[in-house]
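Chain by chain, the residues:
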Amino acid sequence: MTKPYRLGVLHGDGIGPEIVPATVAIMDAALQAAGVEPFEWTELPLGAAAIESHGAHTPQETLDALATVDGWLLGPHDSAAYPQPFRSQLNPSGTIRKHFGLYANIRPAKAFPGGNAVVPGTDLVIVRENTEGFYADRNTFAGTGEYMPTPDVAVAMGIITRAATERIARTAFELALQRDKRVTIVHKANVLRLTTGLFRDVCREVAAKYPEVTVDDFHIDAMTVHLVRRADKFDVIVTENMFGDILSDLAGEIAGSLGIAPSVNSSDIHAMAQAAHGSAPDIAGQDVANPIAMIQSGAMLLEWLAGKHDDPRLRDAAARVEAGVTATVVGGTSTRDLGGTASCSGFTQAVVTAIENA
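Residues numbered from 1 in each chain as written. Predicted model: local features only at pLDDT ≥ 70, side-chain atom pairs only at ≥ 80, totals over all residues. Heavy atoms only, no water.

S.K.: What exactly am I supposed to notice about the pattern of salt bridges here?
M.R.: Charged atoms that come close allow side chains of opposite charge to pair. Summed over all chains, the structure comprises 17 salt bridges. In this structure, Glu 40 and Arg 6 form a salt bridge, with 3.8 Å as the shortest nitrogen-oxygen distance. Note that Glu 40 is positioned in strand E2 (residues 40-43) and Arg 6 in strand E1 (residues 6-10), a separation of 34 residues in sequence. With relative accessibility at 39%, the residue Glu 40 sits in the partly exposed group. Relative accessible area serves as the criterion here: at 27%, Arg 6 is assigned to the partly exposed category. A salt bridge links Arg 162 to Glu 205, with the shortest nitrogen-to-oxygen separation between them at 2.7 Å. Taken together, the residues span a long stretch of sequence, with Arg 162 in helix H5 (residues 162-177) and Glu 205 in helix H6 (residues 195-207) at a distance of 43 residues. By relative accessible area, which is 37% here, Arg 162 ends up partly exposed. Given a relative accessible area of 40%, Glu 205 falls into the partly exposed group. Several salt bridges share partner residues, and in doing so they unite Glu 37, Asp 311 and Arg 313 into one network. (Salt bridge = Lys/Arg side-chain N within 4 Å of Asp/Glu carboxyl O. Helix = DSSP H or I, 4+ residues; strand = E, 2+ residues; numbered from the N terminus. Buried < 20%, exposed > 50% of the residue type's maximum accessible area, 1.4 Å probe, protein only.)

Right, dumping it as C-alpha cells:
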C-alpha cells in the first residue's frame, strides 16, 4: 500500500475498554518489529457509551466510518444490560455483521503448551456460517425469522441456502489446504432433513472439488461428545450459525479457557476482529481480564489483511503477536483463568516485552 493502513477501534462494554487497548498496544509492537509503518487507529462510538452520546448502540456514523477503513477491532458488548428499546434490538455485533455481510466467522481453538486444556494438543478451527441458519435475528433481509402469531405461540425459522453454504464451504476447504487438509461437516440431518440436510449435501458437493482434503461429518449432538473426548483429532469444522456458536464456546473451554478464544468475521472485502467471549461485566474495571482472545483476534486480522493486500510484512507481524503471547504464557505469566496471577495490563506489558526482545 502507498498509505498507512487505517483500522477502526470499538471498545465496547464491560472489559472491552481494557482488552481492546491491550490489543492495540501489542499489535503496534509487532508492526514495529516487522518493519511496518504504524497503523492509523480510529476510535468509534459503540455500545452503552454510544447510547448515552448518540442515542444508538451502533450509530450510523460508526457504520459509515467502518466502511472507509481497512478493518477493525470490536470489543465485547453487554447488550443485555442496555435500557429499552436498545436491549430488544439486534445487538452491536449482529448489526455490524449483517450490515457488512460478514459471512465467515472463523474461530480457532488452540491449547497452549503446558496449559490447562481439557484436551491437550487441541488445535482446530471452527468455520461458522454467519448470515443465516438458526439465528432468527439476522437471517432475513427485513424483519426477523422469529415471530409470535398469538401470545401463546412462538415460531422461529431456520434458513439454509445453497449460495451461502457453498460460500462458507469454500472458505473451510481453502483454510484446510493451509492446515492438515481435513474438514468435518456438522449438521443435524437426521432430524432437520431439509435444512441441515441441504447444508451437509452442499458441503459434500464443494468437497468434491478438493480431492486432497479428507472429509467426514457428524450430527451436532455427537460432535459435542467427540470434542470433549478427542478435540485434538479435528482440524477444520464447518457448520451453520447457531451450531458454530455453541461448538466454538465448547472448543474454547476445551483448549483451556474461553478467554483465549479468538475470532475474525469477514466478507471478501471487510474484516472484523472480535473475541469469542462476552463482556464479563462482573470483572470489568478490575484489571484482571484475560486479553488473549482479543489479542489473537487482532493477529487473525493481520493475517486477513496480509492476504487481501499481498503484504507479507503483516503476516510476519501476526506471527510475532502469536509468538509473543505463547512465549509469555509458556514462560509462566498468565491471568487467573489460566491459573496465573498476572493482571490484564501486566500480561499485556509482558507480551510487548517478549515481542521487542524476540
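S.K.: Where do I start with the environment of Leu 102 in this structure?
M.R.: Take Leu 102: it is sitting in the loop between helix H4 (92-100) and strand E4 (104-110). Look at Leu 102 and you get buried, because its relative accessible area is 0%.

S.K.: What is the right way to look at the pairing of strand E12 (residues 271-274) in this model?
M.R.: Side-chain positions along a regular strand alternate between the two faces of the sheet. In E12, alternate side chains face the same way, and those of Ala 271 and Ala 273 on one face and Met 272 and Gln 274 on the other are all buried. The sheet contact formed by strand E3 (residues 71-74) and E12 spans 3 bridges and is parallel. Considered in E12, the bridge of Leu 74 is made with Gln 274. Summarising the sheet, strand E11 (residues 264-266) and E12 pair through 3 bridges and their orientation is antiparallel. By the bridge assignment for E12, Asn 265 is matched with Met 272. Linking E11 back to E12 in an antiparallel pair, the connection comprises 4 residues. (Pairing = 2+ DSSP bridges.)

S.K.: How do you make sense of the side chain of Ser 248 when you look at a structure like this?
M.R.: Tracing the sequence through the fold places Ser 248 in helix H8 (residues 241-255). With a relative accessible area of 4%, Ser 248 lands in the buried category. A distance of 3.0 Å separates the side chain of Ser 248 from the backbone oxygen of Asp 245, its partner in a polar contact. Excluding residues that lie within four positions of it along the chain, Ser 248 makes contacts with Arg 107 and Ile 126. (Polar contact = N/O pair within 3.5 Å; in protein donor to acceptor, adjacent residues only side chain to side chain. Contact = heavy atoms within 4.5 Å.)

S.K.: I keep staring at the pairing of strand E7 (residues 153-156) and nothing clicks. Help me out?
M.R.: Of the pairings in the sheet, the one linking strand E6 (residues 146-150) to E7 comprises 3 bridges and is antiparallel in character. Within E7, the position partnered with Glu 146 by the bridge is Ala 156.

S.K.: Whenever I open this one, helix H11 (residues 344-357) confuses me. Can you help?
M.R.: Every α-helical turn comprises 3.6 residues, leaving residues that sit three or four positions apart pointing alike. A rise of 1.5 Å per residue sets the reference length of H11, with its 14 residues, at 20 Å; its end C-alpha atoms lie 20 Å apart and thus fit the reference within 8%. Looking at the buried positions of H11, the neighbouring elements they touch are helix H1 (16-33), helix H9 (292-309) and helix H10 (312-330). (Expected span 1.5 Å × (residues − 1).)

S.K.: Looking at this structure, how should I read the packing of aromatic side chains?
M.R.: Centre distance and the angle of the planes are the two values used to describe a pair of aromatic rings. Tallied over the entire structure, the rule returns 6 aromatic pairs. An angle of 55 degrees between the planes, with centres 5.1 Å apart, marks the rings of Trp 72 and Phe 100 as tilted. Taken as a pair, Trp 72 in strand E3 and Phe 100 in helix H4 lie far apart in primary sequence, 28 residues in all. For the pair Trp 72 and Phe 100, a shared accessibility class is recorded, and that class is buried. An aromatic cluster is built from Tyr 5, Phe 39 and Trp 41, whose rings are joined through pairwise contacts. A cation over an aromatic ring shows up here: Arg 128 above the ring of Tyr 135, its NZ or CZ 5.1 Å from the ring centre. (Phe/Tyr/Trp six-rings, centres within 6.5 Å; stacked < 30°, edge-to-face > 60°. Lys NZ or Arg CZ within 6 Å of the ring centre and 35° of its normal.)

S.K.: Any chance you could explain the sheet that holds E12 here in plain terms?
M.R.: Sheet strands line up and pair through hydrogen bonds in the backbone, either parallel or antiparallel. Here we have 10 strands laid out as an open sheet, ordered E2-E1-E3-E12-E11-E4-E5-E10-E8-E9, and mixed in their pairing. The strands lining the two open edges of the sheet, one partner per strand, are E2 and strand E9 (214-219). The mean inter-strand angle of the sheet, taken between neighbouring strand axes irrespective of direction, is 20 degrees. One ladder, built from 6 bridges, connects strand E8 (residues 182-187) with E9; its direction is parallel. Residue Thr 184 lies in a different strand from E9, and its bridge partner there is Asp 216. Across the sheet, helix H7 (residues 220-230) lies against strand E5 (123-129), E8, E9 and strand E10 (236-239), angled at about 115 degrees from E9, the strand it touches most. (Axes fitted to C-alpha atoms, helices over the stretch in contact; angles between N-to-C directions.)

All we've got here are geometric facts, nothing functional implied.
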